[in-house]
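Listed below are the residues making up each chain.
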Amino acid sequence: MKTLVLQPGRDRSLRRRHPWLLSGAIARVEGVPETGELVAVRSAEGELLAHGHYEPGSQLRVRLLVFGKEPLEEGALAPRLAAAVTRRRADPLLAGTDAVRLVNAEGDGLPGLVVDRYADVLVVRPSTSGMLQRIEALAATLREATGAAVALLRPDAVSLRRVGVDAGEALLWGAPPETPVTIAERGRCYRVDVQRGQKTGFYLDQRDARDLVVALAAGRRVLDAFAYTGGFAVAALQGGAAHVVVLESSQSALGLARENLAFAGERAECIEADAFEVLHAGAGDFDLVILDPPPLARRKADVPRAARAYKDLLLHALAGAAPGRLVLAFACSHHVGPDLFGKIAFGAALDAGRRVSVLRELGAPSDHPVSLDHPEGRYLSGLLLRVDG
Ligand code: SAH
């Protein structure tokens, strides 16, 4: 097996089982491994520390799969995959829905692989060449473990392009799905575009927050800003909201939002708009304002600008509010964690001249597990705020 040797003193993160080996930690490569090949990693002193998939061209040069002297065979990922599926099946926190993330990359010991289930359709999303190359074997395991009728391959093209791989979409098994696929989540129905939708088609990571919105919405006028296909708006109506307004800039997402909200008739209004601009003009007389913008800090260098943008959004949501308004706000970037997001909210409340309480902090649900070895896996921070005065 080809071997990477670390720079002296660069073995710490591996000894702590962090699953990413950064390019700067590598002193030399013995042999010429192919993209995605299984390689061994040794310390500068020659000690065998880990095995993983080699990703030349990526800063994250090796996705580590096993630590210590334990060897890693091709095929060793199958039991991990099957275990990830079994864990979801046994998880009481995932009851009542047929749409679940089955594999959450590092969180399930499978760096570079995400698999989401929408009713009888799986969407398989590799983001490394290591996983992409092994996709047929992985698919066979998935098919057996899930019994799903259809699986689509929708690679993360942006990440793969970085390692020089141009990956197309494909059908892994079954008949091409009727799209959109209809999912049923705790009394809510959504149509999901598994072929062209954002991510794998739906924001499964906001399921717990949707449940919270159901519990809060009765009699309230609700603004769902950055709504995508209306995940929160549908939940608000399920909870008895008086009226919901959806703001979304993507026409195709808004088209599905309209279908998802058709049951509500005049209680729902879908507007194609720039939510930043709308909020700048004030958040009107809504009693519950939901702010779920796209990731504003994809890289660490973006954090100051992102923090200003989040603060601006929150400021407008808090400033003219009648006391009692609830604001449910999210940041979906590892670089803006719960501490920083709390500080941003504090700054916004101060500038708005309002007294504000935090009622609840939120994160992703249990089908998005985060390994303690990999804190970067924690990317979703949510705050439920109440304007007190
Ligand atoms: N709340 C959604 C997920 C939101 S993801 C859910 O739970 O399903 C962020 C969304 O914001 C995306 O759908 C994106 O198209 C939309 N978006 C991005 N910029 C926007 C803008 N300036 N105004 C309105 N929507 C925007």
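The model shown is predicted, which means the values in this text are computed figures rather than measured ones. (Residues numbered from 1 in each chain as written. Predicted model: local features only at pLDDT ≥ 70, side-chain atom pairs only at ≥ 80, totals over all residues. Heavy atoms only, no water.)

S.K.: So what about empty space enclosed by the protein? Which residues, and what values?
M.R.: On inspection of all chains with the given rule, the structure shows 1 cavity of 30 Å³ or more. Reported here for the largest cavity is a volume of approximately 30 Å³. Lining the largest cavity are L291, P293, Y310, L313, L314, A329, F330 and F341. Going through the elements one at a time, helix 10 (303-319) and strand 18 (326-332) are the ones with two or more residues in the lining of the largest cavity. Of all the elements, helix 10 adds the most residues to the lining of the largest cavity, at 3 residues. When grouped by side-chain class, the residues that make up the lining of the largest cavity number 8 nonpolar, no polar and no charged. (1 Å grid on protein atoms, 1.4 Å probe; cavity = no way out; pocket = protein on both sides within 12 Å on 5 of 7 lines; lining within 4 Å. Points joined across faces, edges and corners; volume = space filled by probe spheres on them. Helix = DSSP H or I, 4+ residues; strand = E, 2+ residues; numbered from the N terminus. Nonpolar A, V, L, I, M, F, W, Y, C, P; charged D, E, K, R; others polar.)

S.K.: Account for the sheet that holds strand 3 (residues 26-30), with residues named and values stated.
M.R.: Reading across the sheet, the 6 strands line up as 2-6-5-4-1-3 and stay open at both edges, with mixed pairing between neighbours. The open sheet terminates on both sides in strands that have one partner only, identified here as strand 2 (20-22) and strand 3. When the angles between neighbouring strand axes are averaged without regard to direction, this sheet yields 35 degrees. Where strand 5 (residues 48-54) meets strand 6 (residues 60-67), 5 bridges bridge the pair, whose relative direction is antiparallel. Bridging from a neighbouring strand, H53 pairs with R63 of strand 6. (Pairing = 2+ DSSP bridges. Axes fitted to C-alpha atoms, helices over the stretch in contact; angles between N-to-C directions.)

S.K.: For the packing of aromatic side chains, give the residues involved together with the corresponding values.
M.R.: Scanning the entire structure with this criterion turns up 5 aromatic pairs. Between Y190 and F202, the ring centres sit 4.7 Å apart and the planes meet at 45 degrees, which makes this aromatic pair tilted. Pair noted here: Y190 is in strand 13 (residues 188-192) and F202 is in the loop between strand 13 and helix 6 (207-216), with a separation of 12 residues, a long-range link. Just as Y190 is buried, F202 falls in that class too. (Phe/Tyr/Trp six-rings, centres within 6.5 Å; stacked < 30°, edge-to-face > 60°. Buried < 20%, exposed > 50% of the residue type's maximum accessible area, 1.4 Å probe, protein only.)

S.K.: So what's going on with the pattern of salt bridges? Residues and values would help.
M.R.: Under the defined criterion, the tally for this structure stands at 27 salt bridges. For R305, the salt bridge goes to D302, with nearest N and O atoms at 3.9 Å. Between K311 and D351 there is a salt bridge whose closest N-O contact spans 2.9 Å. With K311 in helix 10 and D351 in helix 11 (residues 338-352), this residue pair connects regions lying 40 residues apart in the sequence. Overall, the relative accessible area of 28% leaves K311 in the partly exposed class. Shared partners join several salt bridges into a network, and the residues in it are E185, R186, R188, R207, R210, D211 and D367. (Salt bridge = Lys/Arg side-chain N within 4 Å of Asp/Glu carboxyl O.)

S.K.: Give a description of the site of the ligand that names residues and reports values.
M.R.: Looking at the ligand, there are 15 residues lining it, with Q198, F226, E248, A275 and D292 nearest. One of the backbone nitrogen or oxygen atoms of F226 is found 3.0 Å away from a nitrogen atom of the ligand. In this structure, a nitrogen atom belonging to the ligand sits 2.7 Å away from a side-chain N or O atom of D292. Protein coverage of the free-state accessible area of the ligand, which is 580 Å², stands at 90%. (Near = heavy atom within 4 Å. Polar contact = N/O pair within 3.5 Å; in protein donor to acceptor, adjacent residues only side chain to side chain. Areas by Shrake-Rupley, 256 points an atom, 1.4 Å probe, with all protein chains shown as cover.)

S.K.: Explain the nonpolar core to me, using residue names and the numbers behind them.
M.R.: Ranked by size, the top nonpolar core spans 45 residues in total, and within it Y118, V194, V213, V244, L261 and L328 carry the most contacts. Counting residues per element, this core draws most heavily on helix 7 (residues 231-238), which supplies 6 residues. Ignoring sequence-local partners within four residues, the contact set of V194 consists of Y118, V121, V123, L152, R154, P177, T179, V181 and T200. The next biggest cluster of nonpolar side chains, apart from the first, holds 36 residues, and it includes A273, A307, V327 and A352. (Core = buried A, V, L, I, M, F, W, Y, C linked by side-chain atoms within 4.5 Å. Contact = heavy atoms within 4.5 Å.)

S.K.: How would you explain the packing of helix 2 (residues 77-90) against helix 4 (residues 135-146) if you had to name every residue and give the values?
M.R.: Geometry of a packed helix pair, given as the angle between the helix axes and the separation of the axes. The N-to-C vectors of helix 2 and helix 4 enclose an angle of 30 degrees; their axes lie 9 Å apart at closest approach. The orientation of helix 2 relative to helix 4 falls into the category roughly parallel. In the crossing of helix 2 with helix 4, the sense of the turn from one axis to the other is right-handed. Between helix 2 and helix 4, the residues in contact are L77, A78, L81, A82, V85 and R89 and L138, T141, L142, A145 and T146, respectively. Looking at the contact of helix 2 with helix 4, its residues break down into 8 nonpolar, 2 polar and 1 charged. (Parallel < 35°, antiparallel > 145°, perpendicular 65-115°, else oblique. Left-handed = near helix turned anticlockwise from the far one by under 90°.)

S.K.: Account for the sheet that holds strand 8 (residues 113-118), with residues named and values stated.
M.R.: Strand order in the open sheet formed by 5 strands is 7-8-9-10-11, and the pairing between neighbours is mixed. Every interior strand has two partners, whereas the edge strands, strand 7 (99-104) and strand 11 (170-173), have only one. Sheet twist, expressed as the average angle between the axes of neighbouring strands with direction ignored, equals 25 degrees. In this sheet, strand 11 lies alongside strand 10 (residues 150-153) in antiparallel orientation, the contact comprising 3 bridges. Bridge pairing in strand 11 places A151 opposite W173. Contacting strand 7, strand 8, strand 9 (121-126), strand 10 and strand 11, helix 4 crosses the sheet at an angle of about 50 degrees to strand 11.

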